[in-house]
Amino acid sequence: MAYVLPRSYPLREITALIRHSGFFFFVLMNKIVRKRQLSDAVFRMEIEAPLIAEERKPGQFIILQVEHDFGERIPLTIADADLQAGTISLIFQTVGATTKKLAALNEGDFIADLVGPLGLPTHLEKVGTVVCVGGGIGVAPLHPIVQGLKEAGNKVIVIMGARNKDLVILEDEMRALADEIILCSDDGSVGRKALVTEPLKELCESAEKPDLVVAVGPPIMMKFCALTTKPYEVHTIVSLNTIMVDGTGMCGGCRVTVGGETKFVCVDGPEFDGHLVDFDNMMKRLASYKDIEHKASHTCKTEELLKRGGKS
Amino acid sequence: MSHTPLVQLEAAAKAQLEQILAKGPLKPKDRTAIPQQEMPSQDALDRRGNMHQVALGYTPEQARVEAMRCLQCKNAPCIAGCPVNIDIPRFIARIAEGDYRGGIDVIKETSVLPAVCGRVCPQETQCQAVCTVGKVLKDVDLSVSIGRLERFVADWEREQGASELPEILASTGKKVAVIGSGPASITVAADVRRAGHEVTVFEAFHKPGGVLLYGIPEFRLPKQIVQQEIDTLRAMGVEIRTNFVVGRTRKIHDLMQKDGYDAVFIGTGAGLPRFMNMEGENLVGVFSANEYLTRSNLMRAYDLDRADTPIYSSRKVAVLGGGNVAMDAARTALRLGAEEVHLVYRRSRTEMPARVEEVQHAEEEGVMFHFLTNPVQILGDEDARVASMECLRYELGEPDASGRRRPIPIEGSNFKMDVDTVIVAIGNNSNPLIGQTTPGLELNKRGNIVVDESGKTSLEGVYAGGDIVLGAATVILAMGEGRKAAAAMNEYLSR
Ligand SMILES: Cc1cc2nc3c(=O)[nH]c(=O)nc-3n(C[C@H](O)[C@H](O)[C@H](O)COP(=O)(O)OP(=O)(O)OC[C@H]3O[C@@H](n4cnc5c(N)ncnc54)[C@H](O)[C@@H]3O)c2cc1C
Ligand SMILES: Cc1cc2nc3c(=O)[nH]c(=O)nc-3n(C[C@H](O)[C@H](O)[C@H](O)COP(=O)(O)OP(=O)(O)OC[C@H]3O[C@@H](n4cnc5c(N)ncnc54)[C@H](O)[C@@H]3O)c2cc1C
Ligand code: SF4
Ligand code: SF4
Ligand code: FES
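Conventions and cut-offs
- Residues numbered from 1 in each chain as written.
- Chains lettered and ligands numbered in written order.
- Predicted model: local features only at pLDDT ≥ 70, side-chain atom pairs only at ≥ 80, totals over all residues.
- Heavy atoms only, no water.
- Helix = DSSP H or I, 4+ residues; strand = E, 2+ residues; numbered from the N terminus.
- Rg over C-alpha atoms; globule rule 2.2 N^0.38 Å.
- Buried < 20%, exposed > 50% of the residue type's maximum accessible area, 1.4 Å probe, protein only.
- Lys, Arg positive; Asp, Glu negative; His and termini not counted.
- Charge placed at Lys NZ, Arg CZ, Asp CG, Glu CD.
- Salt bridge = Lys/Arg side-chain N within 4 Å of Asp/Glu carboxyl O.
- Near = heavy atom within 4 Å.
- Polar contact = N/O pair within 3.5 Å; in protein donor to acceptor, adjacent residues only side chain to side chain.
- Areas by Shrake-Rupley, 256 points an atom, 1.4 Å probe, with all protein chains shown as cover.
- Domains from an automatic or database assignment.
- Axes fitted to C-alpha atoms, helices over the stretch in contact; angles between N-to-C directions.
- Parallel < 35°, antiparallel > 145°, perpendicular 65-115°, else oblique.
- Left-handed = near helix turned anticlockwise from the far one by under 90°.
- Contact = heavy atoms within 4.5 Å.
- Nonpolar A, V, L, I, M, F, W, Y, C, P; charged D, E, K, R; others polar.
- 1 Å grid on protein atoms, 1.4 Å probe; cavity = no way out; pocket = protein on both sides within 12 Å on 5 of 7 lines; lining within 4 Å.
- Sits in = over half its atoms within 2 Å of the grid points.
- Core = buried A, V, L, I, M, F, W, Y, C linked by side-chain atoms within 4.5 Å.
- Buried area = accessible area lost by both parts, 1.4 Å probe.
- Pairing = 2+ DSSP bridges.
- Arc of directions from axis to C-beta.

A. Quick look at the overall build of chain B. The helix and strand inventory of chain B stands at 20 helices and 16 strands. Computed over C-alpha atoms, the radius of gyration of chain B comes to 23 Å, within 12% of the 23 Å expected from 2.2 N^0.38 for 495 residues, which places it in the range of a compact globule. When the 495 residues of chain B are sorted by exposure, 59% land in the buried category. Across chain B, the centroid of the 57 positively charged side chains sits 3 Å from that of the 64 negatively charged ones.

B. Main features of the pattern of salt bridges. Evaluated as defined, the whole model comprises 51 salt bridges over all chains. Put simply, A:E198 and A:R192 hold a salt bridge, and the shortest N to O gap is 3.2 Å. Using a relative accessible area of 40% as the deciding quantity, one classes A:E198 as partly exposed. In this structure, the salt-bridge partner of B:R306 is B:D303, at a minimum N-O distance of 3.2 Å. Under the relative-accessibility criterion, B:R306 is labelled exposed at 52%.

C. Representation of the site of ligand 1. Residues and elements named next belong to chain A. Taken together, 23 residues form the shell around ligand 1, and within it P75, I91, Q93, T99 and L286 come nearest. The contact in question runs from an oxygen atom of ligand 1 to an N or O atom on the backbone of Q93, over 2.9 Å. When ligand 1 sits alone it has 850 Å² of accessible area, and the protein chains cover 92% of it. Breaking the shell around ligand 1 down by element, the ones donating at least two residues are β6 (74-82), β7 (87-93) and α3 (97-103). A per-element tally of the shell around ligand 1 places β6 first, with four residues. Residues lining the shell around ligand 1 come from more than one domain, with at least three contributed by each of domain 1 (11-118) and domain 2 (129-288).

D. Layout of the packing of helix α6 (residues 88-97) of chain B against helix α7 (residues 100-108) of chain B. All names here are of chain B. Two elements in contact, α6 and α7, have axes separated by 7 Å at closest approach and are oriented at 170°. Classed by the angle they form, the pair α6 and α7 counts as roughly antiparallel. The crossing of α6 and α7 is left-handed. Between α6 and α7, the contacting residues are R90, F91, R94 and I95 on the first element and Y100, G102, G103, V106 and I107 on the second. Residue composition of the contact of α6 with α7, grouped by class: five nonpolar, two polar and two charged.

E. Spatial organisation of the site of ligand 3. All names here are of chain B. Residues in contact with ligand 3 amount to 13 residues; listed here are only the nearest, C82, C121, Q126, C127 and E150. The cavity that encloses ligand 3 is the second largest cavity. Looking at the shell around ligand 3, the element that brings in the most residues is helix α10 (residues 146-160), giving three residues. A breakdown of the residues in the shell around ligand 3 according to their chemical character gives nine nonpolar, three polar and one charged.

F. Quick look at the nonpolar core. Residues and elements named next belong to chain B. Counting residues in each nonpolar core, the largest one holds 74 residues, and the members touching the most others are I88, F91, I92 and L149. Sort the elements by how many residues they give to this core and helix α20 (residues 475-494) lands first, with 10 residues. Counting only domains with at least three residues in this core, you end up with domain 1 (6-40 + 48-160) and domain 2 (175-269 + 446-493). The residues contacting L149, other than those within four sequence positions of it, are Y58, A63, E66, A67, F91, I92, I95 and V144.

G. Examining the interface of chain B and chain A more closely. Facing 52 residues of chain B, the contacting portion of chain A comprises 53 residues. When the buried area of chain B at its contact with chain A is split by residue, B:R248, B:N282 and B:D308 rank highest and sum to 17% of it. The tally of links between chain B and chain A comes to seven salt bridges. One salt bridge connects A:E55 with B:K251, and the closest N-O pair in it is separated by 3.6 Å. Elements with a minimum of two residues in the side of chain B that touches chain A: α13 (223-235), β3 (239-241), β5 (272-273), β6 (286-288) and α15 (289-297) of chain B. When its residues are assigned to classes, the side of chain B that touches chain A shows 20 nonpolar, 12 polar and 20 charged.

H. Looking closely at the sheet that holds strand β14 (residues 421-424) of chain B. All names here are of chain B. Taking strand neighbours across the sheet as the criterion, the five strands line up as β6-β14-β7-β8-β9 in an open arrangement whose pairing is parallel. The open sheet has two edge strands, β6 and β9 (368-370), and neither has a second partner. Averaged over all pairs of adjacent strands, the angle between their axes in this sheet comes to 20°, without regard to strand direction. Each of β6 and β14 touches α15; the most contacted strand, β6, lies at about 80° to it. Strands in contact with helix α16 (residues 324-335) are β7 (316-320), β8 (340-344), β9 and β14; relative to β8, the strand with the most contacts, it is inclined by about 170°.

I. Just helix α9 (residues 279-286) of chain A, in detail. Among all positions in α9(A), only A:F279, A:N281, A:M282 and A:R285 are buried. With its buried residues spanning 160° around the axis, α9(A) presents them on a single face. Against α7 (219-229), β15 (236-239) and β16 (255-258) of chain A together with β6 of chain B lie the buried residues of α9(A).

J. Representation of the pairing of strand β10 (residues 373-380) of chain B. Residue and element names in this part refer to chain B. Bridge count for β10 against strand β11 (residues 386-399) is seven bridges, and the pairing is antiparallel. In the sheet register, Q377 faces β11, and the bridge partner there is E390. Between the antiparallel neighbours β10 and β11 lie five residues, among them A384 with a positive phi of about 65°.

K. Fine view of the environment of A:D211. All names here are of chain A. Mapped onto the fold, D211 is located in the loop between α6 (197-205) and β14 (212-216). Each C-alpha atom of the pair D211 and G128 lies 6.1 Å from the other, and the pair is 83 residues apart in sequence. When sequence neighbours within four positions are dropped, the list of residues in contact with D211 reads V127, G128, T129, V234 and H235.

L. Looking closely at the domain arrangement of chain A. Residues and elements named next belong to chain A. For chain A, the domain assignment lists domain 1 (11-118) and domain 2 (129-288). The partner domain 2 presents 22 residues to the 19 residues of domain 1 that form the contact. Taking both partners together, domain 1 and domain 2 bury about 1,500 Å²; carbon and sulfur atoms supply 64% of that area. Of all residues in domain 1, the largest losses of buried area upon contact with domain 2 belong to G59, F61 and R73, amounting jointly to 24% of the total for that side. Scanning the region where domain 1 abuts domain 2 turns up one salt bridge. The residue E173 makes a salt bridge to R44 at a minimum N-O spacing of 4.0 Å.

M. Up close: the domain arrangement of chain B. All names here are of chain B. Here chain B is partitioned into domain 1 (6-40 + 48-160), domain 2 (175-269 + 446-493) and domain 3 (273-428). A separation of 30 Å is found between the C-alpha centroids of domain 1 and domain 2. Taken together, the two surfaces of domain 1 and domain 2 that pack against each other cover about 1,800 Å², and 75% of this comes from carbon and sulfur. Considering only the side of domain 1, the residues that lose the most area to domain 2 are V112, L113 and R158, jointly responsible for 30% of the buried surface there.

Laid out in C-alpha cells, this is it:
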C-alpha cells in the first residue's frame, strides 16, 4: 500500500517510519495545484513536477498511475510546462477507468506515480509554412508542438476539428499562437461544417502549399490526413497513441509497423512519418483489450463519444 | 514424478535424522548413501490455479539431513563453481550441526541476496555441477542441494524477523547515484552505503526490484522477499527514487555536475525485447514475454478483480523460446487460465538454457513441449487477432560456435498450430537509452557498456555491471559484478 506523503516531508522521518513497519513505501507524490474542466469530458491539470518541467520538450509525454498497487499506467502528453512554478500541464479526456479516476482527483490531491518526460522530442526547425491539424483531444498534444514550431520561426496554420461547439478546447491558446486558425465541426455548430481533411486538402492545393503537416488526433483522423497529403507529397508527421506499459522500450507493447519495420512508439516516437505508418494494424492493436475494458469502465458513453469524435 | 506431500517428507526426514545421529560419526560412504531430500512442493494440479510459491522449502530436519550428504571436500570444487565463491562446505557444515545462524552468516560474507539466489540460481550449471557427491553418484541431479540449503537458511533468518542491519561507517559526505534497482544495483547500494557514502537509487518503474519484481513471477520468487531486501536498503539510509528515468528525467552528466553525485553505477539491465521479425508478429495477441510478465507481475493483472491493467485472455498459447523467461511466461499463461500452453523451442531438450527445476515444474503443470520446432509466421483473422502459427520442424546438425549442435530446418515439414496467443521469449538486448543520452560512454557493438575488470566505464567516476554489461545473464552474476564495482567505487571515492 502506498503511503501519501507530500514532497516536503523530511526524509529522515520517512526512513524512520519505514523502519517501524516493513510494509510502508515512500513515494514522491505529484501534487495537483490546479484543475479545470475544459469541456464535458476534458480536463486540464497543473501538477507539481519540477524536474520534468525543466527537462521536457515539445512532443514528449509522461506516464502516470492514479493508484500505486493496482492502478494502470497511462501515457499523457505534456501539454505545457511552467519552469518557474515547477509544474506541468496535462489535458486529458475521460475515456476509461484510469482517466475517470484521474478526473475525480481535486486540487491539493496527489497523483500516486508520475514519470517522464518520455519519448523523443518533436524535431523542430524552420521549414516555412506548417499546417497543424488537431482533432478532438489531439489539440492538447498539438499545443506544445505549435509553440515550438512558432519559436523556430515558422508560419503555422492550425486546423482544429471537434464534433460540436462544446467539445472545442484550447481555442484561445491556439489563437494566441498560430498565424491562422481554421475551425471545423461535424455539425456546423462552430466554424466550418467539415472534416479536418477538407481544409487540409485545400491548403495542399493552394498557392501556399505547406512545407510540413503535423496531425495529432484519433488514429482514424491521422490516417486520413496522411492519405490527404500523400498525393501532394507533403511531409506529414503524426503522433501515435498506442497502448503502453513501461514507456521506456522494455515491453514492446507499443509497437507499430512503420515502413514495414517494427518501431516502439515510446522510444522511437511518438512521432512518425504518417505516410509510412500502418494505421489499420495500429487501430486493431489499440482495441486489444476492448472486451475487458468495457467491463472495467461501466459507462461507455464517453468512449462512444471518443470513437465518434474520431471522425471529426 | 509422483507428488509427495510435505508432511510425509518431513516425517521421513525426522526418522532419517534420528538414525544418522544415533549412528555416530559418518564416513564418506555413509554420506553418499543418504538419499537426497526432495523439495516439498505444491501439487501440480493445485498450483496451476494459483500464483503461490511452487517450491515450499526444506523443513529443518530435511535441511540437516541434506547437509550431512556433503563430504566437506578439502579442495571444495563447489566454491569455484559459484560465481561469488560462497564458502559452501563451511555454511553447509553449520546447517548439519543445526546452527542456522552460523550458516547464514557464512553466506552473507559474500552474498547479499541468498533468499533470491537460493531460489533462482541455475545451480546445476554452477556450484552443483562440480559437486563431488554428484560425481560419485554419476548424476549431477544427485549433487548436494546447495541452492536449497542456501534458501533454507536465508528463509530461516527472515522468519526469525531479526535480520540485523550491517554496520555503516561514519558519513564521508560523498554522494553516489545507482541507476536501476535490480540485483546488481541492490548489491552496489548496500556495499557503497556501508562504506559511509550517501546513496540514491534511481528506478524507472514505480516499484524497485528490477527483473526480480517485474520479470520473475511470484510462484518462483515471492515479491515479499524482494520487498524485504529493498526495505533493508532503506533502513540502511539508502534513498530510493522511483519514477525516475535516468537519461530522460535527468542525464548522467547532470546528476554529476548539477546534483553533485561523485560517482555513478549503471545497472539498467537488458531491457529491450527481441522479436523474430517474422510475418504476423504485430498481430493482436502477440506479446513479448517482458510485456506479458510485467502486466501479470508488476501490474498485478492476474488479480482480475482488483487490477486496472488488463491481460489478454487466452485459450491456446504458444511460447517461443527455451530459457527461464519462456518457462515463466508459459507457466504464467497456465495460471491465467489458458487451456493449452505450447512451448516451441528450436533446439532439443538438452540445449534448453532454463533451470532444470523450472522445466520439470512446467512439464508437471501441463506445458506441452515442441522441440526442434520453429515458427515461420503467425496468421491472423479478419480482426488482425492471432488465429494460428505456422511452424517448421528441425533436426540437429554440426556444432556451431556456441558448441551446441546447430538446428537445420527440414524442408517441407511445415505444419500449423492452432493458437490464439503467441508470447515471444527469445531474449533481450540492452536498452539504448543511457548510451544515447550519455556522450563519451563506450558501448560494444551489441550495445552493452564496456567496462574494465573493476567495472569502470570509459567515463571518470562512472561504473556499470549486471545485464547491461554482460547481456542477459543471471542474478548471481549481476550481484557478483555489483560487488566488484562497489569495491572499486569505494576505493575511487576514498582517494
Ligand atoms: C504518447 C501518448 C500520448 C497521449 N496523450 C494524451 C493526452 O494528452 N490526452 C489524452 O486524453 N489522451 C492521451 N493519450 C491517450 C491516453 O493514454 C488514453 O486515453 C488512456 O490511456 C486511456 O486510459 P483509460 O484507463 O482511461 O481507458 P481504458 O479503459 O484503458 O481505454 C479506453 C479506450 O482507450 C484506448 N486506450 C487504452 N489504453 C490506451 C493507451 N495507453 N493509449 C491510448 N489509448 C488507449 C482503448 O482502446 C479504449 O478504447 C496519449 C497516448 C499516448 C500513447
Ligand atoms: C522472466 C525472467 C526470468 C529470469 N529467471 C532467472 C533465473 O531463474 N535465474 C537467474 O539467475 N536469472 C534469471 N533471469 C535473469 C536475471 O533476472 C537478470 O540477469 C538480472 O535480474 C539482471 O540484473 P540487473 O541488476 O543487471 O538488472 P535488472 O534486474 O534488469 O534491473 C534493471 C533495472 O533498471 C531499471 N532501469 C532501466 N533503465 C533505467 C533508467 N534509464 N533509469 C532508471 N532505471 C532504469 C529497470 O526498470 C530495472 O528495474 C531472469 C530474467 C527474466 C526476465
Ligand atoms: S549463489 Fe548460486 S551458485 Fe553460489 S552457492 Fe548459491 S546457489 Fe550456488
Ligand atoms: S563439492 Fe559437494 S560434497 Fe564437496 S564440499 Fe562442495 S558441496 Fe560438499
Ligand atoms: S511502452 Fe513498453 S516498449 Fe513502449
